[in-house]
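For reference, the chains in residue letters:
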Amino acid sequence: MTTPTNQPSNMRNLGLALVISGVILLAFDWYTQRTMQALQPAETAPTAETAAQSTAASLQPTAPAQTGVVTAPVAAQRISFASHTMAGAVNMQGSRIDSLTLLDYYDDLERTQPVTMLAPAGATQRYVESGWLGRGVATPEAEQTWAPTSLKFTPEQPLVLRWQNTTGQQFTRTLALQPDGHTILVTDTVKNAATMPVNLVHYMQLVKKGVQEEGSNFYNFYGPTALVNDERLEVQGKDLQSDGNQAHTGTTYWAGLTTKYFSTLVLPTTSEPHTVQLRHVPGPEAGFTAVTVQSNDIMVPAGGEVSRSYRTYLGPKQQALLAPLGQRADMVVNFGWVHVVAQWMFDALLWINHYVGNLGVAIIIITILLKLALWPLSHKGYVAMAKMREIAPEIERVRTHAGDNREKAAMEMMALYKKHKISPASGCWPVLIQIPIFYAFYKVILIAFEFRQAPFFGWIADLSVKDPFFVLPILMGVTMYIQQKQNPPSPDPMQKKIMNRLPPNFTVMLQWFPAGLELNWLMHSALTVA
């Protein structure tokens, strides 16, 4: 059990441990971000045979493959579409959406490479498809060709496709571009003209080539995700490959594939239970990763028809666009264990940005406001540190007089602190409070879409990436060094050595962090010095 005589040393050790722990966490994330690309496995474009393996038939081995017939000749194998926000194409073979780019977002600051959400082939292959599964009834498979009623697909005119088997079931698929600019409503209808009812299962799925998302790490998840029964699911594709597939049944709000700034989501339009399958589909190289939303059994009576609809969102992980979708779609943005603090900070930053028009300026303002809010607590710490500087010669005399007798030194130090009315713990409280705030800031700037390609001033054209000339981290290191010199030196030689190394170590480490975070830390250090 810790005795009171050890309290001053323990409190100092606690503060040092907190600082070092924060450095380790940030360094680990920096390392993973720097090395993830090098560890990314090489991928090659799949063959047509491989692509066919990603159909629902392969995802549902219990559903036997069937053969259908095409009811009408097809004039074109692909039908293109475009709106004010996106452009893409629907492949008549399998009736899958396998090409889509966002017209308002670019991969580069020069705005030459639009963001690609779906691609028909290659290492970045991704597509969206839906369909029916049945036993004893032919359903359209991936190699089947659908017949469009028109070759025109616009925001004003939905695309209607049909396929019919030889036993009296006609399948109709309607794709409609929604007014929000990032959502496609997919409605599948089956009409049963036979004399007997049929049992079917409907599904919609997102498929991507490979199992690993470049850049995915402990702090920022990329890959298969879903919200089922109020439980957020996040599973790496490589874990599905090694540990096996997963299935979760219940109220499904959404399911999809997410990257750092963009997501492709499936949102059921009914509240009935669904099964979300997160699966690895074998194939050449790493195979495929699939996220499937599947209904329960559906009976289509003789002479009747049944429809199922899903919304597919393809766009940025921007809460202003996700929240109007309902179904808690804005929870795709995940700030982790500091979500409450980070969300408050994010909302405050956007509110300030609404008036100042610059997220960098918003960072400066909120840093000042937080510093003012924490001033009463910080002031106590500064007063304690000032008193510590005043009695530094006495502390050194106590250490010299006690020699190797640590217990005697601790007791005399406690008496010294009591005499001068100094609380060693008061210097640790500001650190304890500021660590989660700093971490929340880190998560917001690292994850929030709004910081992507957001300019500050001068040479900083993107707050979400590092300062290209390392000016901010160097200035931060200088202010941190000045701040450290204002504090009393640690009587422990090892602690003193560690603390002296923190400014240069932080300077080097933060060179690769987002400029927005560097700006926040620079302002924090500068205000502390002032």
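Preceding this section is the structure that the text describes.
Residues numbered from 1 in each chain as written. Predicted model: local features only at pLDDT ≥ 70, side-chain atom pairs only at ≥ 80, totals over all residues. Heavy atoms only, no water.

Observations regarding the packing of aromatic side chains
Put simply, the rule reads: Each Phe, Tyr or Trp ring (for Trp, its six-membered ring) is paired with any other whose centre lies within 6.5 Å, and the angle between the two planes then decides the class: stacked below 30 degrees, edge-to-face above 60, tilted in between. Helix and strand labels come from DSSP, where a helix needs a run of H or I of at least four residues and a strand needs a run of E of at least two; each type is numbered from the N terminus. Relative accessible area decides the class of each residue, using a 1.4 Å probe on protein chains only: under 20% of the type maximum gives buried, over 50% gives exposed, and in between gives partly exposed.
Following the criterion strictly, the structure yields 15 aromatic pairs and no others. A ring pair is formed by Phe335 and Phe346, whose centres lie 6.2 Å apart and whose planes are at 45°; its orientation type is tilted. Taken together, the residues span a long stretch of sequence, with Phe335 in the loop between helix H5 (319–322) and helix H6 (339–356) and Phe346 in helix H6 at a distance of 11 residues. No difference in accessibility class separates Phe335 from Phe346, as the two residues are buried.

Focus: the side chain of Arg279
Keep this limit in mind: His is not counted, nor are the chain ends; Lys and Arg add positive charge and Asp and Glu add negative charge. Every case where a carboxyl oxygen of Asp or Glu lies within 4 Å of a side-chain nitrogen of Lys or Arg is listed as a salt bridge. Counted as a polar contact is a pair of N or O atoms within 3.5 Å, where, for protein atoms, one must be capable of donating a hydrogen and the other of accepting one, and residues adjacent in sequence contribute only when both atoms are in side chains.
Along the chain, Arg279 falls in strand S16 (residues 274–281). One buried charge, Arg279, has no salt-bridge partner; the nearest side chain with opposite charge is Glu129, at 11 Å. Polar contacts involving the side chain of Arg279 include one to the side chain of Gln277, which spans 3.3 Å.

A word on the sheet that holds strand S6 (residues 147–148)
Selection rule: When DSSP locates at least two bridges between a pair of strands, those strands are taken to pair.
Taking strand neighbours across the sheet as the criterion, the nine strands line up as S6-S7-S8-S9-S19-S15-S14-S11-S12 in an open arrangement whose pairing is antiparallel. The sheet is open, and its two edges are formed by S6 and strand S12 (231–234), each paired on a single side. Two strands pair when backbone bridges link them, and strand S8 (residues 169–177) and strand S9 (residues 183–192) are joined in this way by nine bridges, in the antiparallel orientation. Bridging across to S9, Gln169 finds its partner in Asn192.

Focus on the environment of Gly315
What counts is decided by this rule: By the convention used here, residues are in contact when the closest approach between their heavy atoms is within 4.5 Å.
Along the chain, Gly315 falls in strand S19 (residues 305–316). Gly315 gets classed as buried once you look at its relative accessible area, which sits at 0%. In this structure, Gly315 is in contact with Leu102, Met117, His182, Phe262 and Ser263, ignoring residues within four places of it in sequence.

Quick look at the packing of helix H9 (residues 392–402) against helix H10 (residues 406–419)
Selection criterion: Comment: axis = line fitted to C-alpha atoms, over the contacting stretch for helices; angle = value between 0 and 180 degrees taken between N-to-C directions. By definition in this entry, angles of less than 35 degrees are roughly parallel, angles greater than 145 are roughly antiparallel, angles of 65 to 115 are roughly perpendicular, and the rest are oblique. Take the far helix as your reference; a near helix turned counterclockwise from it by less than a right angle gives a left-handed crossing, and one turned clockwise gives a right-handed crossing. Gly falls in the polar group here, along with every residue not listed as nonpolar (Ala, Val, Leu, Ile, Met, Phe, Trp, Tyr, Cys, Pro) or charged (Asp, Glu, Lys, Arg).
At a minimum axis distance of 9 Å, the contact between H9 and H10 shows a crossing angle of 155°. Relative to H10, H9 is oriented roughly antiparallel. The hand of the H9/H10 crossing is right-handed. Every residue of H10 that contacts H9 at Glu394, Ile395, Val398, His401 and Ala402 is listed here: Lys408, Ala409, Glu412, Met413, Leu416 and Tyr417. Considering only residue class, the contact of H9 with H10 consists of seven nonpolar, one polar and three charged.

A closer look at the pairing of strand S2 (residues 86–91)
Of all six residues that make up S2, five are buried, and the element is covered over most of its length. Direction of pairing for strand S1 (residues 78–82) relative to S2: antiparallel, over a ladder of five bridges. Opposite Phe81, over in S2, you have Gly88 as the bridge partner. Here S1 hands over to S2 after three residues, the two strands then running antiparallel side by side. One ladder, built from six bridges, connects S2 with strand S3 (residues 96–106); its direction is antiparallel. When the sheet's bridge partners are listed, Ala87 is paired in S3 with Thr101.

Remarks on the pairing of S3
Remark: a regular strand shows side chains that alternate across the two faces of the sheet. Between S2 and S3, which pair antiparallel one after the other, the connecting turn spans four residues, and Gly94 there sits at a positive phi close to 90°. Of the pairings in the sheet, the one linking S3 to strand S4 (residues 114–118) comprises four bridges and is antiparallel in character. Bridging from a neighbouring strand, Thr101 pairs with Thr116 of S4.

A closer look at the side chain of Thr139
Along the chain, the position of Thr139 falls in the loop between strand S5 (126–134) and S6. A polar atom in the side chain of Thr139 sits 3.2 Å from the backbone oxygen of Trp132.

Here we look at unusual backbone geometry
With a phi close to 65°, Asp230 is a non-glycine residue in the positive phi region. Topologically, Asp230 is positioned in the loop between strand S11 (223–228) and S12. For Arg328, which is not a glycine, the phi torsion comes out positive at approximately 55°. Counting through the fold element by element, Arg328 comes out in the loop between H5 and H6. Judged by its relative accessible area of 32%, Arg328 falls in the partly exposed class.

What to know about the nonpolar core
This is how it is decided: Here the nonpolar core consists of buried residues drawn from Ala, Val, Leu, Ile, Met, Phe, Trp, Tyr and Cys, with membership extended through side-chain atoms lying within 4.5 Å.
Counting 55 residues, the largest nonpolar core has Leu349 and Phe451 as its most contacted members. If you list the elements that add at least two residues to this core, you get strand S14 (252–258), strand S15 (262–268), H6, helix H7 (359–373), helix H11 (429–447), helix H12 (471–486), helix H13 (493–510) and helix H14 (515–529). Residue contributions to this core peak at 10 residues, all from H11. Discounting chain neighbours no more than four positions away, the residues touching Leu349 are Leu359, Ala362, Ile363, Ile366, Phe441, Val444 and Phe451.

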